[in-house]
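An overview of the molecular structure
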Amino acid sequence: MQNKTKKQTYRNSQLIQIGFLLILFGVFLFGYQFWNRHKVKAQQTMNRKIYEASEQQSKKPKETLKSEQISPIATPKATESPVITDQASPTYSFIGILEIPRIGLKQGFVSKEDRHNNVEENITILPEATYPDQSGGNFILAAHSGTGAIAYFNELYHLQEHDKIVVYYQHKKYTYQVVKI
């Protein structure tokens, strides 16, 4: 009988140790995800600020251009904006910025040819897309929704008809208006 009690005590001790290790692993896993999410967000914020600072340094007012319809979902209005220089940063070199005021999104994007043009790191320009400065083209972007630091399109469901979407690209500010949900 005493032998059974020792075995039971030993077994309970092992279960407590395994439980403690599982809890420790879970805390590490969640802590790492939390730290990584904030690290990515800080990098993205710094890269956007570098891009905006380079844009501010070369401000020159230009004349307004006539608007064109690019897609059935949005109507862009191209207006001259400050000269934008490609500013290298430790992680990314943004060629433009996507801004959606309704959801508080202001995030840079890289060129289609850049190795960082993927949804795991940035807002992505799809391969079949054309850039905003090309007449009659479609500027097609993709990004994650859900949770996490790179879920840039998580709040898109808040958009309504007539909301503004702004793209800063190649010395111009392109203002789109949501015309259909």
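Data block above holds the structure.
Described in the following lines is the structure provided in the data block. Just so it is clear, the model here is predicted, and its values are computed rather than measured. (Residues numbered from 1 in each chain as written. Predicted model: local features only at pLDDT ≥ 70, side-chain atom pairs only at ≥ 80, totals over all residues. Heavy atoms only, no water.)

1. Focus on the layout of surface pockets
The space that makes up the second largest pocket amounts to roughly 410 Å³. Those elements giving two or more residues to the lining of the second largest pocket turn out to be α1 (2-57) and β3 (105-109). Examining the composition of the lining of the second largest pocket, we find that six residues originate from one element, α1, more than from any other. Of the residues contributing to the lining of the second largest pocket, the split by class is five nonpolar, eight polar and five charged. (1 Å grid on protein atoms, 1.4 Å probe; cavity = no way out; pocket = protein on both sides within 12 Å on 5 of 7 lines; lining within 4 Å. Points joined across faces, edges and corners; volume = space filled by probe spheres on them. Helix = DSSP H or I, 4+ residues; strand = E, 2+ residues; numbered from the N terminus. Nonpolar A, V, L, I, M, F, W, Y, C, P; charged D, E, K, R; others polar.)

2. Comments concerning a nonpolar patch on the surface
Taken together, the side chains of F25, F28, L29, Y32 and W35 present a nonpolar region at the surface, about 580 Å² in accessible area. Looking at the secondary structure, you find F28 in helix α1. (Patch = residues over 30% accessible without salt bridge, like charges linked within 9 Å, V, L, I, M, F, W, Y side chains within 5 Å. Areas by Shrake-Rupley, 256 points an atom, 1.4 Å probe, with all protein chains shown as cover. Salt bridge = Lys/Arg side-chain N within 4 Å of Asp/Glu carboxyl O.)

3. Here we look at the environment of E155
Within the secondary structure layout, E155 lies in the loop between β5 (141-142) and β6 (164-169). Taking the C-alpha atoms as reference points, E155 and R102, 53 residues apart in sequence, are found 9.1 Å from one another. Here N154 takes part through its side chain, which lies 3.2 Å from a polar atom of the side chain of E155. Side chain to side chain, E155 and H158 meet in a polar contact 2.8 Å long. (Polar contact = N/O pair within 3.5 Å; in protein donor to acceptor, adjacent residues only side chain to side chain.)

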